[in-house]
Amino acid sequence: MTQYICEKELATQPAIWRQTAEFLPSVAHMLPAHGAKVAAVGCGSSWFMSQAYAGVRESAGNGETDFYAGSEFNYDRKYDHLVVITRSGTTTEVIDVLKKSSIPSTVITAVAGSPVTEHATHSIIMEFADEESVVQTRWATAALGLLRAHNGFDLEIAAKDAEIALASDLGGLANVEQISFLGTGWTIALAQEAGLKTREAAQFWSEAYPAFDYRHGPMSIAQEGRAVWVFGPLDAKLEKEILATGALLEKSSLDPMAHLIRAQRTAIEIAKVKGLDPDHPRGLSRSIILS
Ligand code: F1P
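This one's a predicted model, so the numbers in the text were calculated from it and none came from an experiment.

About the cut-offs
Residue positions are given per chain, counting from 1 as you read along its sequence in written order. Under the rules for a predicted model, residues below a pLDDT of 70 receive no local features and side-chain atom pairs below 80 are neither given nor counted, while totals for whole chains, interfaces and linings still include all residues. The basis for every side-chain value is the complete set of heavy atoms in the structure, and neither hydrogens nor water enter the calculation. Put simply, DSSP H or I for four residues or longer makes a helix, DSSP E for two residues or longer makes a strand, and each gets a number counted from the N terminus. We take the radius of gyration over the C-alpha atoms and set the globule estimate at 2.2 Å times the residue count to the 0.38 power. Exposed residues in this analysis have more than 50% of their type's maximum accessible area, buried residues have under 20%, and partly exposed residues fall in between, with area computed by a 1.4 Å probe over protein chains only. Every residue pair with non-hydrogen atoms within 4.5 Å of one another is taken to be in contact. In short, Shrake-Rupley with a 1.4 Å probe defines the accessible areas, and a residue's cover is counted only from the protein chains shown. Here the positive residues are Lys and Arg and the negative ones are Asp and Glu; neither His nor the chain ends is included. Here the site of a charge means NZ on Lys, CZ on Arg, CG on Asp, or CD on Glu. N or O atoms closer than or at 3.5 Å make up a polar contact, with two conditions inside protein: a donor-capable atom paired with an acceptor-capable one, and, for residues adjacent in sequence, both atoms drawn from side chains. All the domain ranges listed were derived from an automatic or database domain assignment. Note on definitions: buried area is the accessible-area loss of two parts on being combined, 1.4 Å probe, summed for both. We define a salt bridge as a contact between a side-chain nitrogen of Lys or Arg and a carboxyl oxygen of Asp or Glu at a distance within 4 Å. Pairing between strands requires that DSSP locate at least two bridges from one strand to the other. The axes are straight lines fitted to the C-alpha atoms, using for helices just the contacting stretch, and the angles between their N-to-C directions are given from 0 to 180°. Roughly parallel here means an angle under 35 degrees, roughly antiparallel means over 145, roughly perpendicular means 65 to 115, and every remaining angle is called oblique. The crossing is said to be left-handed when, going from far helix to near helix, the turn is anticlockwise and less than a right angle, and right-handed when the turn is clockwise. We call Asp, Glu, Lys and Arg charged. Ala, Val, Leu, Ile, Met, Phe, Trp, Tyr, Cys and Pro are nonpolar, and the rest, Gly among them, are polar. The near set for a molecule or strand comprises every residue that places at least one heavy atom within 4 Å of it.

**Q** Break down the overall build of the protein for me, with residues and values.
**A** Along the protein, the regular secondary structure elements total ten helices and nine strands. The C-alpha radius of gyration of the protein comes to 18 Å, within 12% of the 19 Å expected for a compact globule of 291 residues. Its C-alpha atoms put the protein at 50 × 40 × 40 Å along the principal axes. Relative to its full complement of 291 residues, the protein shows a buried share of 58%. Expressed as a percentage of contacts within the protein between residues at least 6 apart in sequence, the contacts between residues at least 24 apart total 69%. Within the structure as shown, the protein displays about 12,000 Å² of accessible surface, and the carbon and sulfur contribution to it stands at 52%. Where the 25 positive side-chain charges of the protein centre and where its 35 negative ones centre are 2 Å apart.

**Q** Would you mind going over the side chain of threonine 198 in detail, with residue names and values included?
**A** The topology assignment puts threonine 198 in helix α8 (residues 187–202). The buried category is assigned to threonine 198, whose relative accessible area is 0%. Side-chain polar atoms of threonine 198 contact the backbone oxygen of glycine 195, separated by 2.8 Å. In contact with threonine 198, not counting residues within four places along its chain, are Phe181, Gln203, Phe204, Ser206, Ala267 and Ile270.

**Q** Got a sec to walk through the domain arrangement of the protein? Specific residues and values, please.
**A** One can read the domain layout of the protein as domain 1 (5–153) and domain 2 (168–273). Just the C-alpha atoms count here: the centres of domain 1 and domain 2 sit 25 Å apart. Contacts between the two partners involve 22 residues from domain 1 and, on the opposite side, 20 residues from domain 2. At the boundary of domain 1 with domain 2, total buried surface from both sides reaches about 1,700 Å², with 71% on carbon and sulfur atoms. Seen at the junction of domain 1 and domain 2, the total is two salt bridges. Two residues, aspartate 255 and arginine 148, come together in a salt bridge whose shortest N-O distance is 2.8 Å. Linking domain 1 with domain 2 are six residue pairs in polar contact (both at pLDDT 80 or more), by the criterion used here. Those elements that place two or more of their residues in the side of domain 1 that touches domain 2 are α1 (5–10), α2 (13–27), α3 (45–59) and α6 (138–150). Broken down by element, the side of domain 1 that touches domain 2 gets its largest block of residues, seven residues, from α3.

**Q** Can you explain the sheet that holds strand β6 (residues 179–183)? Please cite residues and give values.
**A** The strand order across the open sheet formed by four strands is β7-β6-β8-β9, and the pairing between neighbours is parallel. The sheet is open, and its two edges are formed by β7 (206–210) and β9 (248–250), each paired on a single side. Averaged over neighbouring strand pairs, the angle between their axes works out to 20° when direction is ignored. Alignment of β6 against β7, held across five bridges, turns out to be parallel. Counterpart to phenylalanine 181 in the pairing with β7 is alanine 208. The sheet strands contacting α8 are β6 and β7, and the helix crosses β6 at an angle near 160°. Contacting β6, β8 (227–230) and β9, helix α10 (residues 256–273) runs over the sheet at an angle of about 150° to β8.

**Q** Residues and numbers for the packing of helix α7 (residues 155–167) against α10, please.
**A** The geometry of a pair of packed helices is captured by two quantities: the angle between their axes and the separation between those axes. Relative orientation of the contacting elements α7 and α10 amounts to 30°, with a least axis distance of 7 Å. Comparing their axes, α10 and α7 come out roughly parallel. The hand of the α7/α10 crossing is right-handed. Across the interface between the two elements, Leu155, Ala158, Asp161, Ala162, Ala165 and Leu166 of α7 pack against Met257, Ala258, Ile261, Arg262 and Arg265 of α10. Grouping the amino acids of the contact of α7 with α10 by side-chain chemistry returns eight nonpolar, no polar and three charged.

**Q** How would you sum up the site of the ligand? Please name residues and give values.
**A** The environment of the ligand is formed by 15 residues, the closest being Ser46, Thr86, Ser88, Thr91 and Glu200. Here an oxygen atom of the ligand and a backbone polar atom of valine 134 are 3.3 Å apart. Contact with the protein chains removes 96% of the 390 Å² of surface that the ligand exposes when unbound. Tallied by class, residues from the shell around the ligand come to four nonpolar, eight polar and three charged.

**Q** Could you give me a rundown of the pattern of salt bridges, with the residues and numbers involved?
**A** For the structure shown, the criterion picks out 17 salt bridges. Among the salt bridges present, the one from arginine 18 reaches glutamate 156, with a minimum N-O distance of 2.8 Å. Note that arginine 18 is positioned in helix α2 and glutamate 156 in helix α7, a separation of 138 residues in sequence. For glutamate 156, a relative accessible area of 27% puts it in the partly exposed group.

What follows is the structure, encoded as structure tokens:
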């Protein structure tokens, strides 16, 4: 059976997260100080990692943190520090933000000497987390892992859970017709990222919502043959309501970033079921460069 590049790369996440934890002390001085007002910026998966970082940093009490898709940056707001996440370092919208803004910045990228580094105050280069695959897996979680660790999280907990997530059985998840991914706080961004994985890798119908907002309409989609996937803790009442719809419920006590690995694996399995090649997603390239 073919093993796709993205499958090989996602399986390296426990090791990459451990490497990230070892790497942090050498770059921590480039990351925002406690209390600084921060804007985190990215596109695609890197946008969702910016969103997750904002939630993690604020809930750790380390300072106000907003997040933006590169194309939507608010130049009228005042920030102390910009954090830009981009695997390729070539994504047009994030380069534009750095060019137009004079806020001190730190870019986190996988590629040394990439265009984005020319415009940033500081560059954190994580070449060890780079990927050949178009669909991001380990890059996104390594960048977020670095930022979680900088906000006091012990990445070893996630790395151990990642090993469990890699060895776990996916059950019937790859055979459902639709998945709604839910999260609370910073895991809303993981729900978004999981949804993006299934769309990119498998052209699959997925949606993503804050868990409690899911009740306000989107829940009508849930039914037998479809799934509801919850990142982080699940409210007991909401769980009952989901189960009553007949949808398959996926929840986990693993660290949410490790739980995301199950979603990455599910996205690839769905692609296989549909006869698609997840290493060559339709209409996508490694980086979006606008002319
Ligand atoms: C961002 C991104 C990816 C997406 C695709 C196109 O790239 O939108 O999230 O999967 O590969 O580019 P980057 O700015 O992190 O390099």
